[in-house]
Amino acid sequence: MDKDLPKISVVTPSFNQANFIEATIKSVLSQEYPNLEYIIIDGGSTDESLEIIKKYDKYLHYWCSEPDQGQYDAINKGFARATGEILAWINSDDMYYPWAFKTVSSIMSAFPQIEWLTTLYPGSLDYHGFFKGLRSIPGYSQEAFLDGCYLPSGRKAFGWIQQESTFWKRSLWEKVGGHIRTEYSLAGDFDLWARFFLHADLYGTKSPISGFRRQFNSRNSQNYKKYVTESEKSLAAMREKLNWSPSLTRKIALKLQINKIPKLRKISESIYTYKGKRVVRKNLELPEGFWEIEEYNFF
């Protein structure tokens with residue numbers, strides 16, 4: 001049975017994260033997923049990180065500790081060692097929820113056409129790893145991405161696509177060149193999503209997958225404006241590649257906020273609507289439970 005499960009390769013980049021990395025490692029290994037390939041790429045830490053990593057050496061497919069050119073260089077090095085059918089990375093201060101790999105594996109096995117998957121309910125943790133709460137994302141679509149709905153800020157922001165909750169097929173990874181572009185020093189994840197959207201729909205699941213740890217030393221917390229700038233640059237490149245321009249009707253409707261006018265609500269729905277795909281669980285209380293893809297409208 002274990003051999004029938006798709007191999008999941010997970011990469012963790014790390015540098016001087018001794019305060020958090022053990023919790024991250026445990027969140028991966030405690031999944032008890034039988035076909036897991038876990039890789040840790042440490043950037044030459046000078047704290048207690050190496051002692052922690054060595055404790056779990058026998059459970060790791062590969063690990064190293066050496067200077068690198070930054071987070072995304074480390075992640076690329078990790079994926080170069082990966083052989084799994086399903087890929088993901090989790091940073092060394094975030095944590096997976098216990099059912100994460102089981103959920104992803106089950107959905108992607110049931111529907112081979114799904115090339116990448118993420119949660120509709122991104123989670124967050126506080127500095128000490130206590131659960132902080134969930135956000136709600138209405139849906140995912142290429143059109144909404146092009147409209148800037150997943151930028152970190154903006155008038156019509158739905159919320160960013162949570163990196164640590166996103167998994168993808170090797171086939172999609174290879175379509176975009178099999179690497180994260182390191183010229184985006186902070187928004188390499190956003191740029192990867194932009195390139196993925198050129199090839200495949202992003203499916204959502206109602207299941208929370210992971211928690212992002214909110215702590216003052218995180219790279220994005222310290223460089224939020226730069227992350228936004230890089231994301232906007234990547235989005236502009238995607239729009240140019242597709243020769244895309246925003247819907248004038250939607251732009252006007254958004255500016256006038258006609259969706260908030262009761263008498264115009266039905267009209268506004270047709271203007272604002274995006275089409276998304278989500279995977280939901282059916283027959284929840286029966287042994288014959290199964291996954292089903294729903295196509296739906298959201299705005």
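Residues numbered from 1 in each chain as written. Predicted model: local features only at pLDDT ≥ 70, side-chain atom pairs only at ≥ 80, totals over all residues. Heavy atoms only, no water.

Colleague: It is not clear to me how the sheet that holds strand β11 (residues 210-213) should be interpreted in this structure. Could you clarify?
Modeller: One open sheet accounts for 4 strands, arranged β5-β11-β7-β8; its pairing is mixed. In this open sheet, the two edge strands, each paired with only one partner strand, are β5 (95-96) and β8 (131-134). Pairing of β5 with β11 involves 2 bridges; the strand directions are antiparallel. Paired with Tyr96 across the strands is Ser210, a residue of β11. (Pairing = 2+ DSSP bridges. Helix = DSSP H or I, 4+ residues; strand = E, 2+ residues; numbered from the N terminus.)

Colleague: How should the sheet that holds strand β2 (residues 36-42) be read in this particular structure?
Modeller: In a beta sheet, neighbouring strands pair by backbone hydrogen bonds and run either parallel or antiparallel. Spatially, the 9 strands line up as an open sheet ordered β3-β2-β1-β4-β9-β6-β10-β12-β13, and their pairing is mixed. Only two strands of the sheet have a single partner each, and these edge strands are β3 (62-65) and β13 (290-298). Averaged over all pairs of adjacent strands, the angle between strand axes in this sheet comes to 25°, irrespective of strand direction. The sheet contact formed by strand β6 (residues 116-119) and strand β10 (residues 202-205) spans 4 bridges and is parallel. In the strand pairing of β10, Thr119 is matched with Thr205. (Axes fitted to C-alpha atoms, helices over the stretch in contact; angles between N-to-C directions.)

Colleague: Would you take a moment to explain the nonpolar core for this structure?
Modeller: Considering soluble globular proteins, one finds that nonpolar side chains tend to be buried as a cluster. Residues Phe145, Tyr150 and Trp168 are the most contacted members of the largest nonpolar core, which totals 44 residues. At the level of elements, β2, α3 (71-80), β4 (86-89), α5 (142-146), α6 (170-175), α7 (188-197), α9 (224-241) and β13 are the ones that each hand at least two residues to this core. Tallying contributions element by element places α7 first for this core, with 6 residues. Grouped together as the second largest cluster of nonpolar side chains are 31 residues, Ile8, Val104, Leu117 and Ile209 included. (Core = buried A, V, L, I, M, F, W, Y, C linked by side-chain atoms within 4.5 Å. Buried < 20%, exposed > 50% of the residue type's maximum accessible area, 1.4 Å probe, protein only.)

Colleague: Would you explain the pattern of salt bridges in this entry?
Modeller: It is possible for side chains bearing opposite charge to pair when their charged atoms get close. On inspection of all chains with the given rule, the structure shows 10 salt bridges. Between Lys77 and Glu66 there is a salt bridge, and its shortest N-O distance comes to 2.7 Å. A residue pair is termed long-range when its members are at least 10 positions apart, and Lys77 in helix α3 and Glu66 in the loop between β3 and α3 qualify at 11 residues. The partly exposed category is assigned to Lys77, whose relative accessible area is 23%. When its relative accessible area of 33% is taken as the criterion, Glu66 is described as partly exposed. Between Glu294 and Arg278 there is a salt bridge whose closest N-O contact spans 2.9 Å. In this pair, Glu294 is assigned in strand β13 and Arg278 in strand β12 (residues 274-282), connecting sequence segments 16 residues apart. Linked by salt bridges that have partners in common, Arg278, Lys282, Glu292 and Glu294 make up one network. (Salt bridge = Lys/Arg side-chain N within 4 Å of Asp/Glu carboxyl O.)

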